[in-house]
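Here's the letter readout for the chains.
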Amino acid sequence: MRAILFVGHGSRDPEGNEQVQQFVDRLRPRLSASFHVETSFLEFGRPSISEGIARCVEAGAAEVAVIPLILLPAGHSKLHIPAEIDEAKARYPHIMFRYGRPIGVHEQTFAILRERLQEIGERPEEPDDGTAVILLGRGGSDPDANSDLYKIARLFWEQTGYALIEPAFMGVTTPSLDDAVRRCLMLGARRIIVLPYFLFTGILIKRLEQQVAQYQAEHSHISFALAGYFGFHPKLEEIVLDRLNEVLGQTVAMNCDICQYRLHAAHHHHHHHHH
């Protein structure tokens, strides 16, 4: 029997851990019933990864696929989870462990970002002149993860009509949101949209709302808007199913709706050109 262990980052805010759990619950019907499915957390949430692995083993799994529900590959996915898996291999030598990739760059990443902009009345394909988008990541100490945000900003720019899509970070590293706003203003932006690239925000979203309101108060001739955060959007299920398929090395275990998605993706790859 095979098990899937999803790993959320975990949040001090119980609502964040609840959202991870709800996301996995929504995914369950799309997974073969033969899988044993568990959810675990890197920190702040229970079960921990080692507890999650133990549950899979107790359920009789001979193989465990560990799938990180983490946006960008950073220290957690490159060091912490592999260390847990190494420990588990030593503890359960007869069990096969496979490790999936983080969410990362995927066609559906851009579809979700586009929808978040449409929800606030934007037309990403033909935006008004003078509109700038700030893609706001968490920011961390991992240069790789930080550079991935730049890559996503660039690819999103390729697929939309915005002249400016500026990456910025909420903490740890720069450019900060302040830096990005200043840069957009210097480059002549008349409308600035903050698009948060977070899975779960908790207290961050309240802080962001205050920051955007403050920018608006300071610059009355510029319009500011805050888009909904990336979050556990239904399209994220496609990405996670793809990550699972990669690691299992076959599509048989999935319902066939993912095959249609794949065909669809192949057809739509070549239509996005920047004007």
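Computed from a predicted model, the values in this text were never measured in an experiment. Numbers given for residues are sequential positions, taken from 1 along each chain in its written order. It should be noted that, the model being predicted, local features are given only for residues of pLDDT at least 70 and side-chain atom pairs only at 80 or more, the latter also being counted only at that level, while totals for whole chains, interfaces and linings use all residues. Processing note: side-chain calculations cover all non-hydrogen atoms of the structure and skip hydrogens and water entirely.

A closer look at helix 1 (residues 14-27)
Only DSSP runs of H or I covering at least 4 residues are called helices, and only runs of E covering at least 2 are called strands; the numbering of each starts at the N terminus. Expected span of a helix, by definition, is 1.5 Å for each gap between consecutive residues, and there is one gap fewer than residues. Given a rise of 1.5 Å per residue, 14 residues ought to cover 20 Å, and the 20 Å separating the end C-alpha atoms of helix 1 matches this to within 8%. Those residues of helix 1 that fall on the buried side of the exposure criterion are Gly-16, Asn-17, Gln-19, Val-20, Phe-23, Val-24 and Leu-27. Buried residues of helix 1, seen end-on, are gathered within an arc of 155 degrees and therefore sit on one face of the element. In this structure, the buried residues of helix 1 make contact with strand 1 (2-8), strand 2 (36-41), strand 3 (63-69) and helix 8 (236-248). At the N-terminal end of helix 1, a side-chain oxygen is found 2.9 Å from the backbone nitrogen of Glu-15, two or three residues along, and the residue is Asp-13. For every residue, the accessible area obtained with a 1.4 Å probe (protein chains only) is divided by the maximum for its type, and the residue is called buried under 20%, exposed over 50%, and partly exposed between those limits. Picture the helix axis, draw a direction to every C-beta atom, and the arc is the one those directions span. We call two residues in contact when some of their heavy atoms are within 4.5 Å. Between N or O atoms, a polar contact is any pair within 3.5 Å; within protein, one atom must be a potential hydrogen donor and the other a potential acceptor, and residues adjacent in sequence are included only when both atoms are from side chains.

Some details on the packing of helix 6 (residues 177-186) against helix 7 (residues 203-218)
Axis lines are fitted to C-alpha atoms, over the contacting stretch for helices. Their N-to-C directions set the angle, which ranges from 0 to 180 degrees. Two numbers describe how helix 6 lies on helix 7: the axes approach to 12 Å, and their chain directions differ by 30 degrees. The orientation of helix 6 relative to helix 7 falls into the category roughly parallel. Considering how the two elements wind past one another, helix 6 and helix 7 form a crossing that is right-handed. Contact with helix 6, carried on its side by Leu-177, Asp-178 and Val-181, involves Leu-208, Gln-211 and Tyr-215 of helix 7 and no other residues of that element. For the contact of helix 6 with helix 7, a count of residues per class yields 4 nonpolar, 1 polar and 1 charged. Note on angle classes: values under 35 degrees are labelled roughly parallel, values over 145 roughly antiparallel, values of 65 to 115 roughly perpendicular, and the remainder oblique. The crossing is said to be left-handed when, going from far helix to near helix, the turn is anticlockwise and less than a right angle, and right-handed when the turn is clockwise. Note on residue classes: Ala, Val, Leu, Ile, Met, Phe, Trp, Tyr, Cys and Pro are nonpolar, Asp, Glu, Lys and Arg are charged, and everything else, Gly too, is polar.

Quick word on unusual backbone geometry
Most peptide bonds are trans, and most residues other than glycine sit at a negative phi. Residue Pro-47 is reached from Arg-46 by a cis peptide bond, and omega for that bond is -5 degrees. Assignment of secondary structure puts Pro-47 in the loop between strand 2 and helix 2 (49-58). With omega at 0 degrees, the peptide bond leading from Thr-174 into Pro-175 counts as cis. Among the secondary structure elements, Pro-175 is positioned in the loop between strand 6 (164-169) and helix 6. You will see that Phe-44, though not glycine, has its phi angle at about 65 degrees, which is positive. Its place among the elements puts Phe-44 in the loop between strand 2 and helix 2.

A few points about the nonpolar core
By nonpolar core is meant a set of buried Ala, Val, Leu, Ile, Met, Phe, Trp, Tyr and Cys residues that side-chain atoms within 4.5 Å join together. Core analysis: the largest hydrophobic core is formed by 45 residues, its most contacted members being Phe-6, Leu-113, Leu-135, Tyr-197 and Leu-236. Per-element accounting of this core gives the leading share, 7 residues, to helix 8. Excluding anything up to four places from it in sequence, Tyr-197 contacts Leu-71, Leu-72, Gly-104, Thr-109, Leu-113, Leu-135, Leu-136, Gly-137, Leu-149, Ile-152 and Phe-230. The next biggest cluster of nonpolar side chains, apart from the first, holds 21 residues, and it includes Leu-177, Ala-180, Ile-192 and Leu-208.

Things to note about the sheet that holds strand 5 (residues 131-137)
The criterion for strand pairing is that DSSP finds at least two bridges linking the strands in question. Ordered in space as 6-5-7-8, the 4 strands form an open sheet in which the pairing is parallel. Here the strands that pair on one side only, and so sit at the sheet edges, are strand 6 and strand 8 (223-226). On average, each strand axis in the sheet is tilted by 20 degrees relative to the strand beside it, whichever way the strands run. Pairing of strand 7 (residues 191-196) with strand 8 involves 4 bridges; the strand directions are parallel. Looking at the pairing, Val-194 lines up with Leu-226 of strand 8. Contacting strand 5, strand 6 and strand 7, helix 5 (residues 143-159) crosses the sheet at an angle of about 165 degrees to strand 6.

What about the pairing of strand 7?
With 5 of 6 residues buried, strand 7 is to be regarded as a mostly interior element. Across 6 bridges, the pairing between strand 5 and strand 7 is parallel. By the bridge assignment, Leu-136 is partnered in strand 7 with Pro-196. Orient the strands so they point away from the viewer; a crossover is then right-handed if the path from the first strand over the helix to the second runs clockwise. In this view, the connection linking strand 7 to its parallel neighbour strand 8 by way of helix 7 has right-handed handedness.

Describing the confidence of the model for the chain
pLDDT is a per-residue confidence score from the predictor, ranging from 0 to 100. Of the residues in the chain, 90% have a pLDDT of 70 or more, and the chain-wide mean is 89. Below a pLDDT of 50 lies the segment residues 251-275, which in the model reaches 36 contacts outside its immediate sequence neighbourhood of four places, other chains included.

Examining the packing of aromatic side chains
Any two of the Phe, Tyr and Trp rings considered here, Trp counted by its six-membered ring, make a pair once their centres fall within 6.5 Å; the pair's planes then place it as stacked at under 30 degrees, edge-to-face at over 60, or tilted in between. The full count for this structure, using the stated rule, is 5 aromatic pairs. Both rings, one in Phe-23 and one in Phe-232, keep their centres 5.3 Å apart while their planes meet at 40 degrees; by these two values the pair is tilted. Residue Phe-23 is found in helix 1, and its partner Phe-232 is found in the loop between strand 8 and helix 8; the two are separated by 209 residues along the sequence. You can call Phe-23 buried: its relative accessible area is 0%.

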